[in-house]
Amino acid sequence: MSALLDVRNVSVSFAVRHAGRSARLQALHRIDLSLGPAETLGIVGESGSGKSTLARTLLRLTPADSGEVRLDGMDLLALRGAELQRVRTRLQMIFQDGIAALDPRQRIGAALEEPLLALRPEWAAAQRRERVLALLARVGLEPQHLQRYPHEFSGGQAQRIGIARALLVQPELVVCDEPLSSLDVSIKAQITELLLELKRELRLSLIFIAHDLPAVQQLSDRVLVLYLGRVMESAPCDALFRRPRHPYTRALLQAVPVPDPRVARTPRFAPLRGDLPSALSPPSGCVFRTRCPLAIERCAREVPALRPVGDGVVACHRAEEL
């Protein structure tokens, strides 16, 4: 099966001021990933690992320094103007904060119709109205909600509106940038189930970015682990959760709360220690070595290559030992 999205060697950096001097902050370093039709790729990592930067780069909201992002063989990074506008009907985004993603002065009806006016200008007003009402009902909201403003909705309702808006133009790929992070537990479960249903019904390809590893496990076919803008591990979801091959992946899984005191007292893996290093001065060799319980001298000298191990790929000198 050919890939719908194919990303190769994508790097992103930002100009910053550090200690009174100009510097470059390396947000992403030579990222590779692929995504098939109707497949979900989960992306996990701590805050500052580059997850949201990657999401915005894939959608051309943040410029890349180098690399390729191909959608059905078409290089998105090379598109300009009308060509880029046309391809936006094929990929959309669900933002982290559903309320902040909406214009506070605009009624929801107008906010939902706006993508259709911009990206489906050939549609008549009646066709736009029909599409908006159908998506609104599908995400569990009522026609009377169209006359309300964003502040009149709960966080869960606002996220449902964000999902409907992303799907209005009938995209093939939707990037979900931490859509559960601002929701309470019961609403998270509802939104996760809604995404699962929509994925099956519409055969959507999803990139699902989250800190919530149980939700990632429930939604994803494959998982990619980022640390300081670098890929640490990528594998099929079941294989990664069953037998993680990178110490960082193990530490992330160990941090997931377990509602059983007996299990919690006997951790599977060593817990993560220390803080995320600065991206302005990352450690030499393996960027994870300063926090890794398995680090050896080689880790400081040599950057581990991303190589096949087990069912996935891992950037660790000691992956076979795990």
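Residues numbered from 1 in each chain as written. Predicted model: local features only at pLDDT ≥ 70, side-chain atom pairs only at ≥ 80, totals over all residues. Heavy atoms only, no water.

Regarding the side chain of arginine 291
Inference 1: By the secondary structure assignment, arginine 291 is in the loop between α10 (261–264) and α11 (297–301).
Inference 2: From its side chain, arginine 291 meets the backbone oxygen of glycine 274 in a polar contact 3.0 Å long.
Inference 3: When residues no more than four places from it in sequence are discounted, the contact partners of arginine 291 are Glu46, Tyr227, Leu272, Arg273, Gly274, Asp275, Leu276 and Pro277. (Helix = DSSP H or I, 4+ residues; strand = E, 2+ residues; numbered from the N terminus. Polar contact = N/O pair within 3.5 Å; in protein donor to acceptor, adjacent residues only side chain to side chain. Contact = heavy atoms within 4.5 Å.)

Describing the pattern of salt bridges
Pairs may arise between side chains of opposite charge once their charged atoms sit close together.
Inference 1: Scanning the entire structure with this criterion turns up 18 salt bridges.
Inference 2: A salt bridge links glutamate 320 to arginine 307, with the shortest nitrogen-to-oxygen separation between them at 2.5 Å. Residue glutamate 320 is found in the segment after β12 (312–314), and its partner arginine 307 is found in strand β11 (residues 307–309); the two are separated by 13 residues along the sequence.
Inference 3: A salt bridge links glutamate 321 to arginine 318; its shortest N-O distance comes to 2.8 Å.
Inference 4: Residues joined by salt bridges that share partners form a network here, namely Asp72, Arg90 and Glu172. (Salt bridge = Lys/Arg side-chain N within 4 Å of Asp/Glu carboxyl O.)

Points about the side chain of glutamate 39
Inference 1: Considering the arrangement of structural elements, one finds glutamate 39 in the loop between β2 (21–35) and β3 (40–44).
Inference 2: Classification of glutamate 39 by relative accessible area gives buried; the value is 15%.
Inference 3: Here glutamate 39 is in contact with Ser34, Leu204, Ser205, Leu206, Asp221 and Arg222, once residues within four sequence places are set aside. (Buried < 20%, exposed > 50% of the residue type's maximum accessible area, 1.4 Å probe, protein only.)

Quick look at the nonpolar core
Inference 1: One finds Leu112, Ile163, Val174, Phe208, Val223 and Val225 to be the most contacted residues of the largest nonpolar core, which totals 58 residues.
Inference 2: Here valine 223 is in contact with Leu41, Gly42, Val44, Val216, Glu233, Ser234, Ala235, Cys237, Leu240 and Phe241, once residues within four sequence places are set aside. (Core = buried A, V, L, I, M, F, W, Y, C linked by side-chain atoms within 4.5 Å.)

As for the sheet that holds β2
Hydrogen bonds between backbone atoms are what pair the strands of a sheet, whose relative direction is either parallel or antiparallel.
Inference 1: Taken together, 4 strands build an open sheet; the order of strands is β2-β1-β4-β5 and the sheet is antiparallel. Where the open sheet ends on each side, the last strands, each with one partner, are β2 and β5 (74–75).
Inference 2: With 2 bridges joining them, strand β4 (residues 66–71) and β5 adopt antiparallel strand pairing. Pairing of leucine 71 across the sheet is with methionine 74, part of β5. (Pairing = 2+ DSSP bridges.)

A short note on unusual backbone geometry
Inference 1: Positive phi values are uncommon outside glycine, yet arginine 30 reaches one of about 50 degrees.
Inference 2: Its place among the elements puts arginine 30 in strand β2.
Inference 3: A residue is classified by how much of its surface remains accessible, and arginine 30, at 52% relative accessible area, is exposed.
Inference 4: Even without glycine at this site, leucine 228 takes up a positive phi of about 50 degrees.
Inference 5: Relative to the helices and strands, leucine 228 is located in the loop between β9 (222–227) and β10 (230–236).

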